[in-house]
Amino acid sequence: MTPADQSRQALEICRRAAVVPVLVIEDLAHARPLAEALVAGGLPALEVTLRTPVALDAIRIMAEVEGGIVGAGTLLTPADVAAARAAGARFGVSPGASDRLLDACEAEGLPLLPGAATATEVMALLERGYTMQKFFPAETSGGAPAVKALGGPLPQVTFCPTGGIGLGNAATYLGLANVVCVGGSWVAPKAMMEAGDWAGITRLAQEAAALR
Ligand code: 3PG
């Protein structure tokens, strides 16, 4: 799959909702109800970060939830890409980009949302065909004004800003012409998952989905 094809697929996934939940799953028993709660609230594209021992099994379980599109986040190595693919991830997200990681995603045919935070990083990805990118870490890299400024010389690139975004500042990003969606963990708070407050998470998802 060419990077341009991949990027088009990543764009389609990002267009599904205003927010891509960034999920850190510690307890495998949370996987199914969490996915169901977020999808029910109107957030179908879910990023499961590969930061916990159960993440790959969580992807396997969540991939079966109707209406969901489950991806793997925190992809760092070719081994991560292969494992994510094998678990059923339909897209990948990475905090930055390396040639080895991009090669692996292209070889595996895994649509990737690669991270970039500067004009040089955005240009390197664009040169390779990636027109849909993750702006990360968003708030500490200049926030919405930085994304807007990148849109001057680089209007052909669209972004999913992620990092430090919540209900209070998401709309500012979503109002920019070059922002398709934002990523964030605020829709799946650890305490609500531990309490099994799935209805509460659905309400957070509804609130987030209504941002656009
Ligand atoms: C992450 O990698 O954890 C994401 O950037 C999520 O950031 P957030 O917790 O600030 O939403």
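The rules behind each value
- Throughout, a residue's number is its position along its own chain's written sequence, starting from 1.
- Local features are withheld for residues below a pLDDT of 70 in this predicted model, meaning they are given only at 70 or higher, and side-chain atom pairs are given and counted only at 80 or more; totals for whole chains, interfaces and linings count all residues.
- Values reported for side chains reflect all heavy atoms of the structure, with hydrogen atoms and water molecules removed beforehand.
- Each axis is a line fitted through C-alpha atoms, and for a helix only the stretch in contact is used; angles between axes span 0 to 180 degrees, taken between their N-to-C directions.
- Only DSSP runs of H or I covering at least 4 residues are called helices, and only runs of E covering at least 2 are called strands; the numbering of each starts at the N terminus.
- For classification, angles of less than 35 degrees are called roughly parallel, those exceeding 145 degrees roughly antiparallel, those between 65 and 115 degrees roughly perpendicular, and all remaining angles oblique.
- When the near helix sits turned anticlockwise from the far one by under a right angle, the crossing is termed left-handed; a clockwise turn instead gives a right-handed crossing.
- The contact definition used throughout considers only heavy atoms, calling two residues in contact when any of these lie within 4.5 Å.
- Under the scheme applied, nonpolar residues are Ala, Val, Leu, Ile, Met, Phe, Trp, Tyr, Cys and Pro; charged residues are Asp, Glu, Lys and Arg; polar residues are all the others, including Gly.
- DSSP-based pairing: two strands are paired if at least 2 bridges between them are found.
- Two kinds of site are reported from a 1 Å grid over the protein atoms alone, namely cavities, where a 1.4 Å probe fits but cannot get out, and pockets, open sets with protein on both sides within 12 Å along at least five of seven lines, and residues are called lining when an atom falls within 4 Å of a point.
- Grid points are joined across faces, edges and corners, and a volume is the space filled by probe spheres set on the points.
- Consider each residue's heavy atoms; a residue with any of them within 4 Å of a molecule or strand counts as near.
- We define a polar contact as two N or O atoms separated by no more than 3.5 Å, with the added condition that, inside protein, one atom must be a possible hydrogen donor and the other a possible acceptor, whereas residues neighbouring each other in sequence contribute only through side-chain atom pairs.
- By definition, a pocket or cavity contains a molecule when more than half of the molecule's atoms lie within 2 Å of the pocket's grid points.
- The classification of residues rests on relative accessible area computed with a 1.4 Å probe and restricted to protein chains. Under 20% of the type maximum is buried, over 50% is exposed, and intermediate values are partly exposed.

### Notes on the packing of helix α4 (residues 78–87) against helix α5 (residues 99–108)
- Running from N to C, α4 and α5 cross one another at 30°; their axes reach a closest spacing of 8 Å. Between α4 and α5, the angle falls in the class roughly parallel. Crossing hand, α4 versus α5: right-handed. Mapping the contact onto sequence places Pro78, Val81, Ala82 and Arg85 in α4 and Arg100, Leu101, Ala104, Cys105 and Glu108 in α5.
- Along the lines of polarity and charge, the residues of the contact of α4 with α5 split into six nonpolar, no polar and three charged.

### What to know about the sheet that holds strand β8 (residues 158–161)
- The strand order across the open sheet formed by three strands is β6-β7-β8, and the pairing between neighbours is parallel. Because the sheet does not close on itself, it has two edges, and the strands there are β6 (115–116) and β8.
- Two elements, β6 and strand β7 (residues 132–135), share two bridges in a ladder whose sense is parallel. What sits directly across from Gly115, in β7, is Lys134.
- Contacts between helix α7 (residues 143–150) and the sheet are confined to β7 and β8, with β7 contributing the most and set at about 150° to the helix.

### Quick look at the packing of helix α2 (residues 31–40) against helix α3 (residues 55–62)
- In contact at an axis separation of 9 Å, α2 and α3 are set at 55° when each is read in the N-to-C sense. The orientation of α2 relative to α3 falls into the category oblique. Relative to α3, α2 is oriented so that their crossing is right-handed. From α2, Ala31, Arg32 and Ala35 reach across to α3, where they touch Ala58, Ile61 and Met62.
- Tallied by class, residues from the contact of α2 with α3 come to five nonpolar, no polar and one charged.

### Observations concerning the layout of surface pockets
- As a volume, the largest pocket reaches approximately 190 Å³.
- Lining the largest pocket are 15 residues, with Val22, Arg51, Phe136, Thr162 and Gly163 positioned closest to its centre.
- Considering only residue class, the lining of the largest pocket consists of six nonpolar, six polar and three charged.

### Overview of the site of the ligand
- Close to the ligand lie Val22, Arg51, Phe136, Thr162, Gly163, Gly164, Gly184 and Ser185.
- The contact in question runs from an oxygen atom of the ligand to an N or O atom on the backbone of Gly164, over 2.6 Å.
- Here Ser185 contributes a side-chain N or O atom positioned 2.5 Å from an oxygen atom of the ligand.
- Spatially, the ligand is embedded in the largest pocket.
- Class assignment for the residues of the shell around the ligand results in two nonpolar, five polar and one charged.

### Looking at the pairing of strand β1 (residues 19–23)
- Across the five residues of β1, five count as buried, placing the element largely inside the fold.
- Burial along β1 is two-sided: the face carrying Val19, Pro21 and Leu23 and the face carrying Val20 and Val22 are both buried.
- Where β1 lies against strand β9 (residues 182–184), three bridges are found, and the strand directions are parallel. The residue of β9 that forms the bridge with Pro21 is Gly184.

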